[in-house]
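Here's the letter readout for the chains.
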Amino acid sequence: MHDPTRTITTLRSDAVELPDLRILVTPQKSPPIEATLGVAPLVLGTSGECDVIIPDSRVSRRHCQLRFSPRGVVLTDLGSKNGTFINDVLIVEGFLTPSAVASLGGVPLTMRVGGAPVVVPLSTSASFGEALGSSVPMRALFARLERAAATSETILLLGESGTGKEVLARAIHEASPRSGGPFVVFDCSAVAPNLIEAELFGYTKGAFTGAQSARAGLLEEASGGTLFLDEIGELPLDLQPKLLRALEARQVRRIGAAAYTSFDARVIAATHRDLQGRVASGSFREDLYYRLAVVETVVPPLRERKEDIPLLVERFLAAQVPPRSLADLPPNALELLRGHHWPGNVRELRNTVARLMLFPHLAEEAIVKVAPRPADMSVGQFAALPLREARDMVVEQFERTYIAMKLRESGGNVARAAASMGVSRQLVHRLMERYGIRSKG
Ligand SMILES: Nc1ncnc2c1ncn2[C@@H]1O[C@H](COP(=O)(O)OP(=O)(O)OP(=O)(O)O)[C@@H](O)[C@H]1O
């Protein structure tokens, strides 16, 4: 018999048992909101990015977070304006029980334990391919992807930029029966919209000006292997039915061709966008969404799995030249790293670790404040970094300056700047977001 008041989780090496926990939030002027707490934490607030969106002016944008812990359900205030309370006591963090009433700045939140506990399988490993993660949400994700890898099903990876979607897509490919075939990456936001069709579907000789010889598209090129379609949310609306048709019939028609050609690629798609929101607003086709989301997984942001930080930092330190270890970090560095919000997720962590090694005396600046820029560094100074990190730093610096310059040239008009760079507007927006550049237009 399960105890309906029990909110603790039972962790085994290959599974976690979670109580079936329902949350009820009652805003003043809109209907009550119900949500289920699963293996990933729930962020509650008014912002559209929250897991539970509460339309009530007393609630902050990101008000609080609820998560399971082995000892019970933890409610954490996220720096809200009007405070988070458990039984009228203002809290920063506390355990919430089914008999307690929480309040989000005056909006009541209660919790109820439903039916039988839910068993979520966990990977017994803290890695999946190159992807590392010892936290429960990551091990649950690895278990799901390990199972999905064995099939040829389409997989949709959702998650913020830098959470590791591409690393995971590669890991799925490596763990699949297709690992001997090619792994082809296509970023739908990196190519001007009018060129995407030719890239994906190919063309015949003379199909358009400049098509001097026939070329297979990426769907054909990835045959026997995997095609990773990054930023699928940016796929132009007019190409969406074509991709759907190709995925369903397993055939493509090259631009200019009369006949269809068969292909055998597994597709993994990813986006940092709210794809269901795009379906609701009509900018993404529902039928394509369901075709892609046969297996849908959300890669949690790093701030929701800070227990992974030491493992990741250790890996990034070991990749330095010469290899470093946690002992080489400045004394308070791990603590500072754990305290950071990580809007750029694991990518930001990797780059921060590289900066820490270059500027160890500036730990605080490297992590919390604006990081030192390698603008005036000579190539020799980069010798302390592995190629990938050194290259990323230079590219980052270049992209920042280049985009700012292009936006200045276009008077802040993103569409015009994108056209002059030969990339999509979405890519420019994404890079502006990544580097915190604002358009004045
Ligand atoms: N779980 C992980 N383990 C180890 N390294 C990781 C992990 N997740 C991300 N990384 C590192 O962060 C970098 C960025 O990850 P990746 O490109 O896969 O993110 P993404 O979610 O595809 O980002 P974007 O949406 O911006 O394309 C990787 O090159 C890798 O070094």
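The rules behind these values
- Residues numbered from 1 in each chain as written.
- Predicted model: local features only at pLDDT ≥ 70, side-chain atom pairs only at ≥ 80, totals over all residues.
- Heavy atoms only, no water.
- UniProt positions renumbered as here; feature names shortened; annotations may be inferred.
- Helix = DSSP H or I, 4+ residues; strand = E, 2+ residues; numbered from the N terminus.
- Salt bridge = Lys/Arg side-chain N within 4 Å of Asp/Glu carboxyl O.
- Buried < 20%, exposed > 50% of the residue type's maximum accessible area, 1.4 Å probe, protein only.
- Arc of directions from axis to C-beta.
- Contact = heavy atoms within 4.5 Å.
- Polar contact = N/O pair within 3.5 Å; in protein donor to acceptor, adjacent residues only side chain to side chain.
- Near = heavy atom within 4 Å.
- Nonpolar A, V, L, I, M, F, W, Y, C, P; charged D, E, K, R; others polar.
- Pairing = 2+ DSSP bridges.
- Axes fitted to C-alpha atoms, helices over the stretch in contact; angles between N-to-C directions.

Engineer: Looking at this model, I keep getting lost on the UniProt feature "domain: Sigma-54 factor interaction" (unreviewed entry) in the chain. Mind explaining?
Structural biologist: The UniProt feature table records "domain: Sigma-54 factor interaction" (unreviewed entry) at residues 131-358. As annotated, residues 131-358 comprises 40% helix and 15% strand, and the C-alpha atoms at either end are separated by 25 Å.

Engineer: What exactly am I supposed to notice about the pattern of salt bridges here?
Structural biologist: Close approach of charged atoms allows side chains with opposite charge to pair. Counted according to the given criterion, the structure contains 16 salt bridges. Here D264 makes a salt bridge to R178, at a shortest N to O gap of 2.8 Å. Taken as a pair, D264 in the loop between β23 (261-262) and β24 (266-271) and R178 in the loop between α2 (165-175) and β18 (183-187) lie far apart in primary sequence, 86 residues in all. Each member of the salt-bridge network shares a partner with another, and the members are D187, E231 and R430.

Engineer: What's the story with helix α13 (residues 414-421) in this structure? I'm lost.
Structural biologist: Note that an α-helix has 3.6 residues per turn; residues three or four places apart therefore point the same way. Every buried residue of α13 is accounted for by V414, A417, A418 and M421. Across the axial projection of α13, the buried residues extend over an arc of 100 degrees, all falling on one side. Turned more than 90 degrees away from the buried face of α13 sit R416 and A419, all of them exposed. Looking at the buried residues of α13, the elements they touch are α12 (387-409) and α14 (425-435). A distance of 3.0 Å separates the backbone nitrogen of A415 from a side-chain oxygen at the start of α13, and that oxygen is part of N413. Directly beyond the C-terminal end of α13, a positive phi value near 75 degrees is found at G422.

Engineer: Could you clarify how one ought to interpret the site of the ligand in this entry?
Structural biologist: Inspection of the region around the ligand gives 20 residues, with L132, S161, G162, K165 and R350 positioned closest. Between the ligand and S161 there is a distance of 2.5 Å, counted from an oxygen atom to a side-chain nitrogen or oxygen. At a separation of 3.2 Å, an oxygen atom of the ligand approaches a polar side-chain atom of R347. Contributions of two or more residues to the shell around the ligand are made by β16 (131-132), α2, α8 (309-318), α10 (345-358) and α14. For the shell around the ligand, the class distribution of residues is six nonpolar, four polar and 10 charged.

Engineer: Would you mind showing me how to read the UniProt feature "domain: FHA" (unreviewed entry) in the chain here?
Structural biologist: Those residues carrying the UniProt feature "domain: FHA" (unreviewed entry) are residues 42-91 in this numbering. Structurally, residues 42-91 comprises 0% helix and 48% strand, and the distance from its first C-alpha atom to its last is 17 Å.

Engineer: Explanation requested: the sheet that holds strand β2 (residues 15-18) in the structure shown.
Structural biologist: Across a sheet, paired strands are connected by hydrogen bonds in the backbone, their directions being either parallel or antiparallel. Strand order in the open sheet formed by three strands is β1-β2-β14, and the pairing between neighbours is antiparallel. Strand pairing shows two members of the sheet lacking a second neighbour, β1 (10-11) and β14 (118-121), which therefore form its edges. Of the pairings in the sheet, the one linking β1 to β2 comprises two bridges and is antiparallel in character. In the strand pairing of β2, L11 is matched with V16. Helix α1 (residues 136-149) contacts β1, β2 and β14 of the sheet and is inclined by roughly 70 degrees relative to β14.

Engineer: Is there a simple way to explain the pairing of strand β13 (residues 107-113) in this structure?
Structural biologist: Two faces make up the sheet, and in a regular strand the side chains alternate between them. Only one face of β13 is covered, namely the face carrying V107, L109, M111 and V113; the face carrying P108, T110 and R112 is uncovered. Alignment of strand β3 (residues 21-25) against β13, held across five bridges, turns out to be antiparallel. Its bridge partner being in β13, L21 is matched across the sheet by V113. Relative to β13, strand β12 (residues 102-104) runs antiparallel, the two being bridged by three bridges. Residue pairing for β13: S103 is matched across the bridge by P108. Connecting β12 to the antiparallel partner β13 that follows it, the hairpin turn spans two residues, and G105 within it adopts a positive phi of roughly 60 degrees.

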